[in-house]
Amino acid sequence: MLVVPNSSSRPPLPPRLYERDVVQGMVPLTLVRVLSQYLQSKGVAPDEVLPRDLDVGDANQLGRFSAEAYCQLLIKAAERLHDPLLGLHLGQTIQPAHLGALGYVLLACENLGGALQRIQRYHRLVHDINPVQHRIEGGNLELQWGIAHGKPGALFDESGIAGLVQFGRDVCAQQLPLAQVDFVNPPPADLRPYQAYFDCPVRFNQPMTRLAIPLGSLMAPLRQADPMLLKLMEEQVDAAMARLPDAGDLAEMTRRVVAHLAPHGTPELEQVAQALRLSPRVFYRRLADQGLNFRDLRETALQQVAELHLRDPRLTLAEVGALLGYSEQSAFSRAFKRWSGVPPLQWRQALVKGG
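Residues numbered from 1 in each chain as written. Predicted model: local features only at pLDDT ≥ 70, side-chain atom pairs only at ≥ 80, totals over all residues. Heavy atoms only, no water.

1. Here we look at the sheet that holds strand β6 (residues 202-203)
- One open sheet accounts for five strands, arranged β3-β4-β7-β5-β6; its pairing is mixed. The open sheet terminates on both sides in strands that have one partner only, identified here as β3 (133-137) and β6.
- Sheet topology note: the β3/strand β4 (residues 140-145) ladder contains five bridges and is antiparallel. The partner of His-134 across the bridge, within β4, is Leu-143.
- In the packing of helix α5 (residues 112-121) onto the sheet, the strands contacted are β3, β4 and β7 (209-214), and the crossing angle to β4 comes to about 25 degrees. (Pairing = 2+ DSSP bridges. Helix = DSSP H or I, 4+ residues; strand = E, 2+ residues; numbered from the N terminus. Contact = heavy atoms within 4.5 Å. Axes fitted to C-alpha atoms, helices over the stretch in contact; angles between N-to-C directions.)

2. Thoughts on the packing of helix α9 (residues 250-261) against helix α12 (residues 294-310)
- Contact pair α9 / α12: the axes reach a minimum separation of 9 Å and the direction vectors enclose 55 degrees. Classified by the angle their axes make, α9 and α12 are oblique. As α9 packs across α12, the resulting crossing turns out to be right-handed. The residues of α12 that touch α9, namely those facing Ala-251, Thr-254, Arg-255, Val-258 and Ala-259, are Phe-294, Leu-297, Arg-298, Thr-300, Ala-301, Leu-302, Gln-304 and Val-305.
- Looking at the contact of α9 with α12, its residues break down into eight nonpolar, three polar and two charged. (Parallel < 35°, antiparallel > 145°, perpendicular 65-115°, else oblique. Left-handed = near helix turned anticlockwise from the far one by under 90°. Nonpolar A, V, L, I, M, F, W, Y, C, P; charged D, E, K, R; others polar.)

3. Overview of unusual backbone geometry
- Here the phi dihedral of Asp-199 falls at roughly 55 degrees; this positive angle occurs in a residue that is not glycine.
- Secondary-structure assignment places Asp-199 in the loop between α7 (192-198) and β6.
- Non-glycine residue Asn-205 carries a positive phi angle of around 55 degrees.

4. Digging into the confidence of the model for the protein
- Counting all residues, the mean pLDDT for the protein is 85, and 92% of those residues have values of 70 or more.
- In the predicted structure, residues 1-9 sits below a pLDDT of 50 and forms 15 contacts with residues beyond four places in sequence or in another chain. (pLDDT = per-residue confidence, 0-100.)

5. Topic: the environment of Pro-131
- On the secondary structure map, Pro-131 appears in the loop between α5 and β3.
- The spacing of Pro-131 and Gln-144 is 13 residues in sequence and 8.4 Å in space, taken between C-alpha atoms.
- In this view, Pro-131 contacts His-123, Gln-144, Trp-145 and His-149; residues no more than four positions away in its chain are not counted.

As structure tokens, this is what we get:
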């Protein structure tokens with residue numbers, strides 16, 4: 001799927017950055033905070049790229065953010081910075097501390113192999129678009145993810161792989177050798193920046209996004225290994241994993257898609273089914289099998305999005321309505337009253353009075 005770039009007076013970014021699918025799933029809110037900090041470091045005000053109603057200044061380590069919205073932010077940031085290598089550059093700034101308790105788990109492992117094993121085990125705390133898998137092949141450990149649930153795009157994949165490599169180098173304090181790096185996305189015009197950073201063969205248009213590390217490197221000791229801290233932090237991470245919705249939670253996936261499609265008009269069942277890569281008949285049957293009603297899920301999702309935007313005093317009611325696909329404020333007001341029992345203005349006034 002080609003996501004059309006925003007219009008700009010500058011030359012457009014390479015088309016490869018827009019070749020991606022609409023994806024479901026979540027990422028940690030702290031990744032948005034990393035992007036915000038990176039923009040600031042480049043002299044760009046974060047609110048030029050990030051949503052006005054999103055506060056990441058003190059991001060909750062367990063807070064979640066739509067993976068699709070995050071992928072779109074990456075494209076918007078690359079456009080604003082006019083940096084086709086944003087994924088490669090941003091990934092190098094991601095640190096274990098950005099991942100909260102999971103970061104401390106990784107730092108406390110005995111060696112690199114133990115840390116990589118836990119990245120695979122707890123990957124849903126980092127993103128749950130496509131599952132991260134590992135295997136031993138040809139004397140290497142391979143960490144890889146496919147495209148079964150869609151291609152999030154070059155910027156997302158490149159920042160993810162660069163982040164993994166940077167993590168390994170930071171915690172081991174050495175230039176770890178890599179055997180191979182593969183990406184599912186189209187190749188850039190110039191491979192040299194990728195070859196220079198990864199210092200190994202880099203391939204594109206591959207079936208999987210993959211990082212291959214020689215088995216001998218897995219025994220590299222970590223600088224802050226701490227068995228006691230590891231046990232304590234793993235208990236917290238296990239608890240966080242238990243609170244995540246099931247990866248196959250059809251209700252949650254439906255609500256996410258509705259929220260993403262809402263600005264283009266109230267989504268119908270056929271549109272949501274297409275985004276989930278299901279036929280309308282199969283989607284309807286799966287909802288029915290779980291005792292779910294599409295209209296109820298849609299109303300809940302739209303209400304949540306509306307309330308999120310109403311919390312931003314800078315947005316008018318008409319602008320909030322437009323963000324939900326309503327061309328007229330009166331239609332939005334009627335819909336919101338149906339969802340919550342009160343008109344949006346009254347809901348907002350009550351929020352202000354409640355502090």
